[in-house]
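So you can see what is in the structure, the chains are spelled out below.
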Amino acid sequence: MNDVNSLFHVVQSHLDLAAALVDVPEHIHTILRQPKNEIIINFPVRMDDGRYRLFKGYRIQHSNILGPYKGGMRYHELASLDELKGLASLMTWKCSLLGLPFGGAKGGIKFTPREVSISELERITRRFFHALGSNIGPDYDIPAPDVGTNDQVMAWAMDTYMNTVGTVSRQNAMGVVTGKPVSCGGTPGRTKATGQGVVHCIEEWAERHHFDLQGKKLIVQGYGNVGSHTAALLGQLGVSTVAVGDHAGYLYNPEGFNEHRLLNYVRQRGSIAGYPNAEQITRDEFFATEADIFVPAALENQVGAKEATALKVRLVAEGANGPTTPDGDRVLAERGIPVIPDVLANAGGVTVSYYEWVQNRRSEKWTIQEVDRLLEQAMRQTYQRVMEFCVTRRCDLRTACYGVALERLAHAYAERGIFP
Ligand code: NAD
């Protein structure tokens, strides 16, 4: 696929822009343009009706120069090699930007999780993670939740992996995945971490622009883990959510949604469809809703030139990975609407995943207060570092994020060299 909007192609072009600003040897740039390993596994699973269905699973390992591969597992009907290559390389930039001792990876299975039963979901997960075998591990490649997966899926994944290693190694195997339930070695604060990180970035932006968040309006696309937590946490700062959208449609409520009620509804029904006390609107009307902040928190390539032209907001904070196309970026820049890019805005998830991994290695349990404090410090310091890069190199925020990340990777390569 060589479509200009293919996520992999887009991420490569962001890297190319940053490489022009950073002192990086050509061969390092070339290495980082491609993932190191691309694993594809076709595996059969017995479905509830007794028939067997073949699934296609992926794990793309982009870079491990800074530490073990790290990145989510996505269950979605559109999961593809190109998309996951793009998402895996985004993880390399994100982990490097945040100064985490991880590389980048991403994986998933191409199917619609909403259309299978819970027991089928468990069998699909266990069979896939078993098939991955030693391609993952707490010191090698550490998956986490992403679109269509959650803490329950991670608990099955961890349990499956633990049952494949010898009894004596079992306890050390807990860190094979992050985003687990707290009862199974997860950390407090991981579920909301990505949304919390988005909110810290919005707060940083607001403070720098003397923009009082109290009384402001949010529109959010995607009301899953990232979208719902971002909306709820912004709600605590006085921002009301006036329009939401998910795979089933879009809703408008000028008075502001009650985030907790909406979240409970989505947990029970699987989508926002049919939620009372709201007006149904079209996707086009959603993008044209008068508001202050837009958080895309669904999938990639959602904000093209048309959507960017329609938006009536002051700020876009990318909760999702790759939601803005290059055309969308260009239009937003022309209109003077700043974008806090995905690699920075949604990095709270992997940052708290790192805290979970450290706790697993040390057999420790941290409090929510400790996790929250460290996350806020990490997000704010990184935001500051990106702003400095922006000012000194006269570039946009996205290029600055890639630039900071690339500098760190280039130093590691310069000191280690290339084997043999
Ligand atoms: P999720 O599965 O919990 O939620 C996804 C949401 O997107 C759902 O509300 C779904 O209905 C909606 N959606 C799906 N297709 C859509 C469409 N065509 N139009 C509109 N809405 C649609 O997933 P999540 O974990 O919240 O992830 C959302 C985004 O955030 C993804 O891009 C993911 O890669 C990124 N992200 C997630 C995390 C994390 O910790 N979960 C971390 C960093 C980045």
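Visitor: Talk me through helix 6 (residues 190-208); I want residue IDs and the actual numbers.
Guide: Counted at 1.5 Å a residue, the expected span for helix 6 with its 19 residues is 27 Å, and the 27 Å between its end C-alpha atoms agrees. When the local axis directions of helix 6 are compared, the greatest deviation, roughly 30°, occurs at glutamine 196. Backbone geometry just downstream of helix 6 places histidine 210 in the positive-phi region, at approximately 50°.

Visitor: Describe the nonpolar core, listing the residues and the values that go with them.
Guide: Counting residues in hydrophobic clusters, the biggest one holds 87 residues, and the most contacted among them are Trp93, Leu97, Ile202, Tyr223, Val295, Ile340 and Leu406. With eleven residues, helix 15 (residues 397-416) is the largest single contributor of residues to this core. Contacts of tryptophan 93, omitting those with residues within four sequence positions, involve Val11, Leu15, Leu32, His62, Val343, Tyr402, Ala405, Leu406 and Leu409. In terms of nonpolar packing, the next biggest core, distinct from the first, is built from 28 residues, Val45, Phe55, Leu121 and Val176 among them.

Visitor: Could you give an account of the environment of alanine 308, with specific residues and numbers?
Guide: Mapped onto the elements, alanine 308 comes out in helix 10 (residues 305-310). Here alanine 308 falls in the buried class, since its relative accessible area comes to 0%. Separated by 23 residues in sequence, alanine 308 and valine 331 place their C-alpha atoms 6.0 Å apart. When neighbours within four sequence positions are excluded, alanine 308 is seen to be in contact with Val303, Gly328, Val331, Leu332 and Arg335.

Reading the values: the criteria
- Residues numbered from 1 in each chain as written.
- Predicted model: local features only at pLDDT ≥ 70, side-chain atom pairs only at ≥ 80, totals over all residues.
- Heavy atoms only, no water.
- Helix = DSSP H or I, 4+ residues; strand = E, 2+ residues; numbered from the N terminus.
- Expected span 1.5 Å × (residues − 1).
- Bend = angle between axes of the 7 residues up to and from the residue.
- Core = buried A, V, L, I, M, F, W, Y, C linked by side-chain atoms within 4.5 Å.
- Buried < 20%, exposed > 50% of the residue type's maximum accessible area, 1.4 Å probe, protein only.
- Contact = heavy atoms within 4.5 Å.

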